[in-house]
Amino acid sequence: MNHPNRLRTAIDAPGTTPLIGVFDMFSASVSAQHYDGMFVSGFGFAASHYGLPDIGFIAWPDIVAFVQRLRLAFPQQHLLVDIDDGYVDPETACHVVQQLEASGASGVILEDQKRPRRCGHVEGKQILPLEEYLEKLEMVLAARRDLLVVARTDATEESEILRRAKALAATDADVILVDGVRSVDRIRMVREVIGNKPLLFNQIAGGKSPRLSLSELGELGVDVAIYSTPCLFAAQSAVDRALADLKAADGRLPEPTPESVGVPECLALLERNLSRHHPPVPAS
């Protein structure tokens, strides 16, 4: 099964391919009911696995182990993985890419930030010299077999965004991402400067980028959209509300309704992840 080529085919199809950010196996289980693709978000994974902000705490073996579990439970999902800056060192980046490809990842995103790194939609980002990032990117591209590689820049100044986007598009990277892009006009500029190279757009609630529908993104020439945090933010809101209600009710659980989740509904969701229940995945 060639998961990278399956994702390439989806990206090459008309319209914008959505990939939903998941932060643990349970959020992935819910996401798989609605969408064909998942994005392993660094923001979500740092929050879920460590309870920390996305500023460089993630250890690569934890990401690899998570992707291994995801692929076993979800053999037909696209899995795009955020590997931040490749965990600093280019040799480490190459090793992680090979580990993830062997684990069944469809693709990775490699950014041009330097440490201390930041979420792409917050202030204070610092970027590597372009030549240094291109050297790391070229090493990663040489280390992969088929894995899809998204080259990401976190530049914020318009001329530098366009300079870097053009340089990234000239490499063998499969897809280009300018993270934290702040306007539709800038999306159009990036689309023009990268030529025929596929373009990725990152949507995150409360972030720097405009809120756009898949139809609108398709009209702008965006080929793939990642939704980094809808599952994470929905979980925070729902858990907080449920526990506030429980406290207000003096610890009495709410009356079940047709829409509520109990033991049967939860088990029905989880049992779908048992590997013996999976139909064969068509070859690609």
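A few points on the structure. (Residues numbered from 1 in each chain as written. Predicted model: local features only at pLDDT ≥ 70, side-chain atom pairs only at ≥ 80, totals over all residues. Heavy atoms only, no water.)

Attention shifts here to the packing of aromatic side chains. Summed over the entire model, instances satisfying the criterion amount to 3 aromatic pairs. Judged by centre distance (6.1 Å) and plane angle (85°), the rings of phenylalanine 45 and tyrosine 50 are edge-to-face. Note on tyrosine 50: relative accessible area 25%, which makes it partly exposed. When the centroid spacing of 5.4 Å and the interplanar angle of 25° are considered together, the rings of phenylalanine 45 and phenylalanine 66 count as stacked. Taken together, the positions of phenylalanine 45 in helix H3 (residues 42-50) and phenylalanine 66 in helix H4 (residues 60-73) put the pair 21 residues apart, joining distant regions of the chain. Accessibility classification places phenylalanine 45 together with phenylalanine 66 in one group, the buried group. Through a chain of ring-to-ring contacts, three or more aromatic side chains come together here, namely Phe45, Tyr50 and Phe66. (Phe/Tyr/Trp six-rings, centres within 6.5 Å; stacked < 30°, edge-to-face > 60°. Buried < 20%, exposed > 50% of the residue type's maximum accessible area, 1.4 Å probe, protein only. Helix = DSSP H or I, 4+ residues; strand = E, 2+ residues; numbered from the N terminus.)

Attention now goes to helix H10 (residues 230-248). Along an α-helix, residues three or four positions apart point the same way, because every turn accommodates 3.6 residues. In this model H10 runs 27 Å from its N-terminal to its C-terminal C-alpha over 19 residues, within 8% of the 27 Å that 1.5 Å per residue would give. Aspartate 250 lies just past H10 and shows a positive phi near 60°. (Expected span 1.5 Å × (residues − 1).)

Turning to the state of the cysteines, a few remarks are in order. Under the criterion given, the structure shown has 0 disulfides. The thiol sulfur of cysteine 231 is not disulfide-bonded, and the nearest other cysteine sulfur, from cysteine 266, lies at 15 Å. (Disulfide = S-S within 2.5 Å.)

Turning our eyes to something else, we now look at the pattern of salt bridges. All chains considered together, the criterion is met by 12 salt bridges. Between aspartate 174 and arginine 8 there is a salt bridge, with the nearest N and O atoms lying 3.0 Å from each other. Of the two residues, aspartate 174 sits in the loop between helix H7 (158-169) and strand E6 (175-178) while arginine 8 sits in helix H1 (residues 3-12), which places them 166 residues apart along the sequence. Here the two residues aspartate 174 and arginine 8 agree in accessibility, since each one is buried. (Salt bridge = Lys/Arg side-chain N within 4 Å of Asp/Glu carboxyl O.)

This part takes up the layout of surface pockets. Roughly 1100 Å³ of volume is contained in the largest pocket. Of all the elements in the fold, those that place two or more residues in the lining of the largest pocket are helix H2 (25-31) and H10. For the lining of the largest pocket, the leading source of residues is H10, giving 11 residues. There is about 250 Å³ of room inside the second largest pocket. (1 Å grid on protein atoms, 1.4 Å probe; cavity = no way out; pocket = protein on both sides within 12 Å on 5 of 7 lines; lining within 4 Å. Points joined across faces, edges and corners; volume = space filled by probe spheres on them.)

In summary, soluble globular proteins display a tendency toward joint burial of nonpolar side chains. In this structure, Ile63, Val81, Ile83 and Leu100 are the most contacted members of the largest nonpolar core, which totals 59 residues. Residue contributions to this core peak at 6 residues, all from H4. Membership of the second largest hydrophobic core comes to 13 residues, among which are Leu19, Ile109, Leu177 and Val224. (Core = buried A, V, L, I, M, F, W, Y, C linked by side-chain atoms within 4.5 Å.)

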